[in-house]
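Given next are the chains, with one letter for each unit.
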Amino acid sequence: MAKMDTEIQLNQNAHIHADNFRNGTYSPTELLYKTLDYLEKLDTQLNAYISVMHSEATLAAERASSTVDSGEATPLTGIPIAVKDLLNTKDWKTTAASKMLSTYVPVEDSTVVARLKAAGAVIVGKTNLDEFAMGSSNEFSAFGPVKNPWDINRVPGGSSGGSAVTVASRVVPLSIGTDTGGSIRQPAAFCGVLGLKPTYGRVSRFGVVAFASSLDQVGPFARDSYDLANLLQVISGYDPKDSTSSQIPVPNFSSQLMHGLDGLTFGIPTGMLSSGIDPLVRSAFEESIKVLEANGARINRDIRLPSIEAALPVYYLIAPSEASANLARYDGVKYGHSAELGESAEETMFNTRGEGFGPEVKRRILIGTYALSAGYYDAFYLKAQKVRTVIRTEYEQALDKVDAILTPTTPTPAFELGAKLNDPLEMYLNDLYTLPANIAGLPGLSIPGGFVDGLPVGLQIVGRPFSEPTLLRIANAYQTHTDWHNQAPDVSCN
Ligand code: GLN
């Protein structure tokens, strides 16, 4: 007991835990006990978890402890990790934070979860999110909102809010989220941690509850670039079960971490930053640029992405359209919630969907169905797809000139709970800087980039397709010269 209390520090990053396992300072099982204790204590306030996997995690930690003892540990062996409750876990309920799936128990693991288990990671629980990953504040969960550990009156961002919060509050060093229009990067920024949306196709979507299939990607959260690289290494790669996963070989994501910034040029799309941004967020961003410049990077402020102003309407047509098709399967027959039998099959289905889905999900289904319906398809959906191609081409041209494009991750820091709940457009505007990367299929990384009024803000790095090693290299260089990522919220005073 004494050993656990004094030597195990939950604020350590995963690679430090891995060293301590190897040195025999503590075991994965000892770390897990301390993690679960702290998780239970904190979660009454923060609500980051939908379910906690006590016995499964204990078994996994015991197995990991033997692996360590036999000298066969790899970087994730025995590391506690949390997984967004949108990824299927075999024999463990996967709710998508929806009443519709509140009792759904998958028969198979998602590929990402299977890979984490095979790598010896210890999955401690399933994290809270906006229902079906639709939202930017985590207030649209059927299991109640998640609180931001920097200020519990504020949102943590969404939709992967629980995954960001549990890493930020130092319960676990790693977690998994999904990002369709910013759902990893925006909560990472609001909570002061790193979050990466990989290139579309880098990580398998098999077994992930689908929102908008041409935009969805799974990705990692961590507190430093080493840990992020190690986690990405485990989850990346071709999967025959996901035809959109890429066959491009997976590089060693840590190989360029120490390469520094010399020889790299970054583009700043100045036009994107002229309106709708909190001036203090803008100043924090400019400070970050100075750090990068002072350490060898070249900055090009002449990057143009003229069609980017159409990104928001394009996203909010394509994503709901795909969602309306993906969510058609929830009819109460094969999956999840079923209403009492009505007079007709149609009435039963109507009631099932009426009861099972929350307000934002219904709004998306309505928008999507409208955009896809005869007479409107060409005017809305088809047009949005054409503009998508234009946006993608503009990014390609810009990224011919520079190695990465930098912006703040969000136009403001975390807002107050309830502030945008009744104004969908205001809520959607939060995604201004994040959703273009999904539209163009590019990798995007948010790293802690300073504070505004005591709240963390993020620096976003968007790169060429499959340039994750470069993004991690930039993050590592920035983190060598800043200390933002080491700042922890004081959860005891909330
Ligand atoms: N906030 C965006 C939305 O509500 C993005 C969500 C996501 O990336 N899953 O659609």
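Scroll up for the structure.
Owing to the predicted nature of the structure, the values given are computational and were not obtained by experimental measurement.

Here is what the cut-offs are and how they apply
Residues numbered from 1 in each chain as written. Predicted model: local features only at pLDDT ≥ 70, side-chain atom pairs only at ≥ 80, totals over all residues. Heavy atoms only, no water. Helix = DSSP H or I, 4+ residues; strand = E, 2+ residues; numbered from the N terminus. Buried < 20%, exposed > 50% of the residue type's maximum accessible area, 1.4 Å probe, protein only. Contact = heavy atoms within 4.5 Å. Lys, Arg positive; Asp, Glu negative; His and termini not counted. Charge placed at Lys NZ, Arg CZ, Asp CG, Glu CD. Pairing = 2+ DSSP bridges. Axes fitted to C-alpha atoms, helices over the stretch in contact; angles between N-to-C directions. 1 Å grid on protein atoms, 1.4 Å probe; cavity = no way out; pocket = protein on both sides within 12 Å on 5 of 7 lines; lining within 4 Å. Points joined across faces, edges and corners; volume = space filled by probe spheres on them. Nonpolar A, V, L, I, M, F, W, Y, C, P; charged D, E, K, R; others polar. Salt bridge = Lys/Arg side-chain N within 4 Å of Asp/Glu carboxyl O. Patch = residues over 30% accessible without salt bridge, like charges linked within 9 Å, V, L, I, M, F, W, Y side chains within 5 Å. Areas by Shrake-Rupley, 256 points an atom, 1.4 Å probe, with all protein chains shown as cover. Expected span 1.5 Å × (residues − 1). Arc of directions from axis to C-beta.

Q: Looking at this structure, I do not really get the overall build of the chain. What am I missing?
A: Scanning the chain from terminus to terminus reveals 16 helices and 11 strands. Summarising its shape, the C-alpha atoms of the chain cover approximately 65 × 60 × 45 Å along the three principal directions. Across the 494 residues that make up the chain, the buried fraction comes to 60%. Intrachain contacts of the chain at a sequence separation of at least 6 include 76% that bridge at least 24 residues. Charge separation in the chain, taken as the distance between the mean sites of 40 positive and 53 negative side-chain charges, equals 4 Å.

Q: Where do I start with the sheet that holds strand 2 (residues 80-84) in this structure?
A: Hydrogen bonds between backbone atoms are what pair the strands of a sheet, whose relative direction is either parallel or antiparallel. One open sheet accounts for 11 strands, arranged 1-3-2-4-6-5-10-11-9-7-8; its pairing is mixed. Edge positions in the sheet fall to strand 1 (49-52) and strand 8 (298-300), since each has one partner strand and no second. The mean inter-strand angle of the sheet, taken between neighbouring strand axes irrespective of direction, is 30°. As paired strands, strand 5 (residues 194-197) and strand 10 (residues 444-452) are joined by three bridges and run antiparallel to one another. Looking at the pairing, Gly195 lines up with Ser446 of strand 10.

Q: Would you take a moment to explain empty space enclosed by the protein for this structure?
A: Gaps left between atoms show up when a probe the size of a water molecule is rolled over them. Counting across every chain of the model gives five cavities of 30 Å³ or more. Each pocket or cavity is described by its volume, and for the largest cavity that value is around 90 Å³. Forming the walls of the largest cavity are 13 residues, and the residues nearest its centre are Gly135, Ser136, Ser183, Tyr315 and Asp431. Its residues assigned to classes, the lining of the largest cavity shows five nonpolar, six polar and two charged.

Q: I tried to follow the pattern of salt bridges on my own but got confused; where do I start?
A: Should their charged atoms come close, side chains of opposite charge can pair. For the structure shown, the criterion picks out 17 salt bridges. Where Lys290 meets Glu287, a salt bridge forms, and the shortest distance between an N and an O atom there is 3.2 Å. With a gap of three residues between them, Lys290 and Glu287 both fall in helix 9 (residues 279-294), about one helical turn apart. With a shortest N-O distance of 2.7 Å, Arg364 and Glu360 are connected by a salt bridge. In this pair, Arg364 and Glu360 both sit in helix 12 (residues 359-372), four residues apart, roughly one turn of the helix. Residues participating in the shared-partner salt-bridge network are Asp151, Arg154 and Glu416.

Q: Got a minute to help me understand a nonpolar patch on the surface in this structure?
A: Together, Tyr370, Tyr376 and Phe380 make up a nonpolar patch on the protein surface, roughly 280 Å² of accessible area in all. Owing to a relative accessible area of 36%, Tyr376 belongs among the partly exposed residues under this scheme.

Q: For this particular structure, what's the right way to read helix 12?
A: An ideal rise of 1.5 Å per residue puts 20 Å on 14 residues; helix 12 measures up with 20 Å between its terminal C-alpha atoms. Taken together, the buried positions of helix 12 are Glu360, Val361, Arg364, Ile365, Gly368 and Ala371. Mapping the buried residues of helix 12 onto a view down its axis gives an arc of 140°, with all of them on the same face. In helix 12, the exposed residues that point more than 90 degrees away from the buried face are Pro359 and Leu366. Those residues of helix 12 that are buried are in contact with helix 10 (311-326), helix 11 (345-356), helix 13 (378-401) and helix 14 (424-429).

Q: Would you explain unusual backbone geometry in this entry?
A: Backbone geometry follows two general trends: most residues other than glycine have a negative phi, and most peptide bonds adopt the trans configuration. In the segment running from Gly158 into Ser159, the intervening peptide bond is cis, with an omega of 10°. Unlike most non-glycine residues, Asp453 shows phi in positive territory, near 50°. Mapped onto the secondary structure, Asp453 falls in the loop between strand 10 and strand 11 (455-463). The class for Asp453 is exposed, based on a relative accessible area of 68%.

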